[in-house]
Amino acid sequence: MSCVESDDDDEPPQLIPAPSLFASEDMAAKSGDAAKCLNDEPPSSTREQQTPVTLLTGYLGAGKTTLLNYILTHEHNKKIAVILNEFGEGSAVEKSMSIGQNGDLYEEWLELRNGCLCCSVKDNGVKAIENLMKKRGKFDYILLETTGLADPGPIAQLFWVDKQLECQIKLDGIITVIDCKHAMKNLTEKKPDGVINEAVRQVALADLLLLNKCDLVSEAERTAVYDAVRSINTSARLITTTRCQVEVSELLDLRAYDSLNSDRTAVFAAPGSHIDMRVRTVTVECDGSVSSEGLDSFVQALLWEKTVTDAEGRPAIVYRMKGVLSVAGEERQVLLQAVQELYETEQTQPWTGQSRHCTIILIGEHLDKDVLQRLLESYLVQSDSSAEQQVS
Ligand SMILES: Nc1nc2c(ncn2[C@@H]2O[C@H](COP(=O)(O)OP(=O)(O)OP(=O)(O)O)[C@@H](O)[C@H]2O)c(=O)[nH]1
Ligand SMILES: [Zn+2]
């Protein structure tokens, strides 16, 4: 790996010690051990010290690089590091990594053997990020553009799984850029083996959807794309754009994995779309509290044991799950986050001034709302003394 860099007369970057809170128990849950923990709320400084990373995804030519350039050239008061995961004809092994600082770009070339970050992410991707982190003093945000054909799931998981990275980096969210001109074709393209295509996965995992290239389509076409996209993901925020022009504040610091309480994670009404996208969003809700063991069972049956099926007996496949739950005996709200089979729970703010309830949003295949609702309700605790402790 070579590094083209200007002279470095800055103070050497200060590496921040790994917060033990994240490095220990929490990781056991994420790495798939049959263990889970309810974390105490991390000190706010811990989260503040972590560099946010935003994944930019979207089908080939949707406008990811346009978005990247747009962000880099607009006012954001941030020093942004960029990882590009692009490859062109004949240079499939080259990846460029740039660090934008005061308008300067430093470049570093990474060799990814198979030219795809999501496939080689454990080896080279981690090295790339670690290398970036050595320059930590130089930036305070990371943007990662994935290839158009990448499934963002494994890449998002990287930022959860790697212990060394975990302490320094936090996943801020996934932005999916949609090419309105070609979206319907991309989203409905049938894969020979019947698997869900990448375009659908990218929409499913999005925290923010940019319906881009609106200048190229009629209103009717745009509405059709909107309906198709919303029939997959009703939980992501959605903005229509031309050349990805949108306030930078709408793009960065989404905190999609931090909290469910802002309007950014509201559930939007699903359109009465006539297209069956197979992948869809289901929300289950109930009043009261579930037991801690019940929450474990619910999540593990879904994600690991795959024992939850739809009416036709097909196992539910979860791409993304997030929720806020009331767990019996816990004073604080419990935030649940999952990407594919990895999940974590974390205690957030106390239940004050609102009645205890559980809300879980799931995006995936073969999700039967009634089955999931009944399953969640089966873990409700009948008389929860902690429910009475709520402050009104
Ligand atoms: N008309 C129009 N063109 C756009 C818009 N956004 C991007 N483009 C153009 O679309 C082309 C592809 O944009 P990129 O930003 O390179 O797309 P990408 O997603 O990074 O593409 P890959 O990395 O190759 O997958 C470029 O020529 C852009 O200038 C838009 O809103 N309207
Ligand atoms: Zn690009």
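Residues numbered from 1 in each chain as written. Chains lettered and ligands numbered in written order. Predicted model: local features only at pLDDT ≥ 70, side-chain atom pairs only at ≥ 80, totals over all residues. Heavy atoms only, no water.

1. Looking at the overall build of the protein
Item 1. The number of helices and strands found in the protein is 12 helices and 15 strands.
Item 2. Within the span of the protein, comprising 392 residues, buried residues form 54% of the whole.
Item 3. Carbon and sulfur atoms make up 48% of the accessible area of the protein, which totals about 17100 Å². (Helix = DSSP H or I, 4+ residues; strand = E, 2+ residues; numbered from the N terminus. Buried < 20%, exposed > 50% of the residue type's maximum accessible area, 1.4 Å probe, protein only. Areas by Shrake-Rupley, 256 points an atom, 1.4 Å probe, with all protein chains shown as cover.)

2. A few points about the site of ligand 1
Item 1. Neighbouring residues of ligand 1: 16 residues in total, closest Lys64, Thr65, Thr66, Asp215 and Arg243.
Item 2. Residue Lys64 places a side-chain N or O atom 2.8 Å away from an oxygen atom belonging to ligand 1.
Item 3. In this structure, Thr65 approaches ligand 1 through a side-chain N or O atom, which is 2.8 Å from an oxygen atom.
Item 4. Expressed as a share of its isolated accessible area of 650 Å², the protein-covered part of ligand 1 is 71%.
Item 5. Element by element, the count of residues in the shell around ligand 1 is highest for helix α3 (residues 64–73), at 3 residues.
Item 6. Classifying every residue of the shell around ligand 1 gives 4 nonpolar, 6 polar and 6 charged. (Near = heavy atom within 4 Å. Polar contact = N/O pair within 3.5 Å; in protein donor to acceptor, adjacent residues only side chain to side chain. Nonpolar A, V, L, I, M, F, W, Y, C, P; charged D, E, K, R; others polar.)

3. Things to note about the pattern of salt bridges
Item 1. For the structure shown, the criterion picks out 8 salt bridges.
Item 2. Arg320 serves as the salt-bridge partner of Asp207, at 3.5 Å between the closest nitrogen and oxygen. Within this pair, whereas Asp207 is found in the loop between α8 (198–204) and β9 (208–212), its partner Arg320 is found in strand β12 (residues 317–325), the two being separated by 113 residues in sequence.
Item 3. A relative accessible area of 6% means that Asp207 is categorised as buried.
Item 4. Residue Arg278 is joined to Glu365 by a salt bridge in which the shortest nitrogen-to-oxygen separation is 3.1 Å. Of the two residues, Arg278 sits in the loop between β10 (237–240) and β11 (279–287) while Glu365 sits in strand β15 (residues 357–365), which places them 87 residues apart along the sequence.
Item 5. Taken together, the salt bridges that share partners define one network made up of Asp310, Glu312 and Arg314. (Salt bridge = Lys/Arg side-chain N within 4 Å of Asp/Glu carboxyl O.)

4. Observations regarding the nonpolar core
Item 1. Residues Leu55, Phe159, Leu187 and Val229 are the most contacted members of the largest nonpolar core, which totals 43 residues.
Item 2. Judged by nonpolar contacts, the second largest core, of 27 residues, contains Val282, Val308, Leu375 and Leu376. (Core = buried A, V, L, I, M, F, W, Y, C linked by side-chain atoms within 4.5 Å.)

5. Structural notes on the pairing of β12
One face of the sheet, then the other: side chains in a regular strand alternate in exactly this way.
Item 1. Summarising burial for β12: 8 of the 9 residues are buried, a large majority.
Item 2. By the bridge criterion, 7 bridges tie β12 to β15 in an arrangement that is antiparallel. Within β15, the position partnered with Arg320 by the bridge is Ile363.
Item 3. The hairpin turn running from β12 into strand β13 (residues 332–339), its antiparallel successor, is 6 residues long, and Gly329 in that turn takes a positive phi close to 90°. (Pairing = 2+ DSSP bridges.)

6. A closer look at helix α10 (residues 292–305)
Item 1. The sharpest bend along α10 measures roughly 25° and falls at Val299.
Item 2. Of the surrounding secondary structure, the elements contacted by the buried residues of α10 are β12, β13, β14 (342–350), β15 and α11 (369–378).
Item 3. Following α10 by one or two positions, Lys306 adopts a phi angle in the positive range, close to 55°. (Bend = angle between axes of the 7 residues up to and from the residue. Contact = heavy atoms within 4.5 Å.)

7. Notes on the pairing of β10
Item 1. As paired strands, β9 and β10 are joined by 4 bridges and run parallel to one another. Looking at β10, one finds that Leu210 is bridged to Ile239.
Item 2. You can see the chain leave β9, run along helix α9 (residues 219–232) and come back into β10, and the turn it takes is right-handed. (Right-handed = clockwise from strand over helix to strand, strands pointing away.)

Take it as geometry only, folks, not as evidence of what the structure does.
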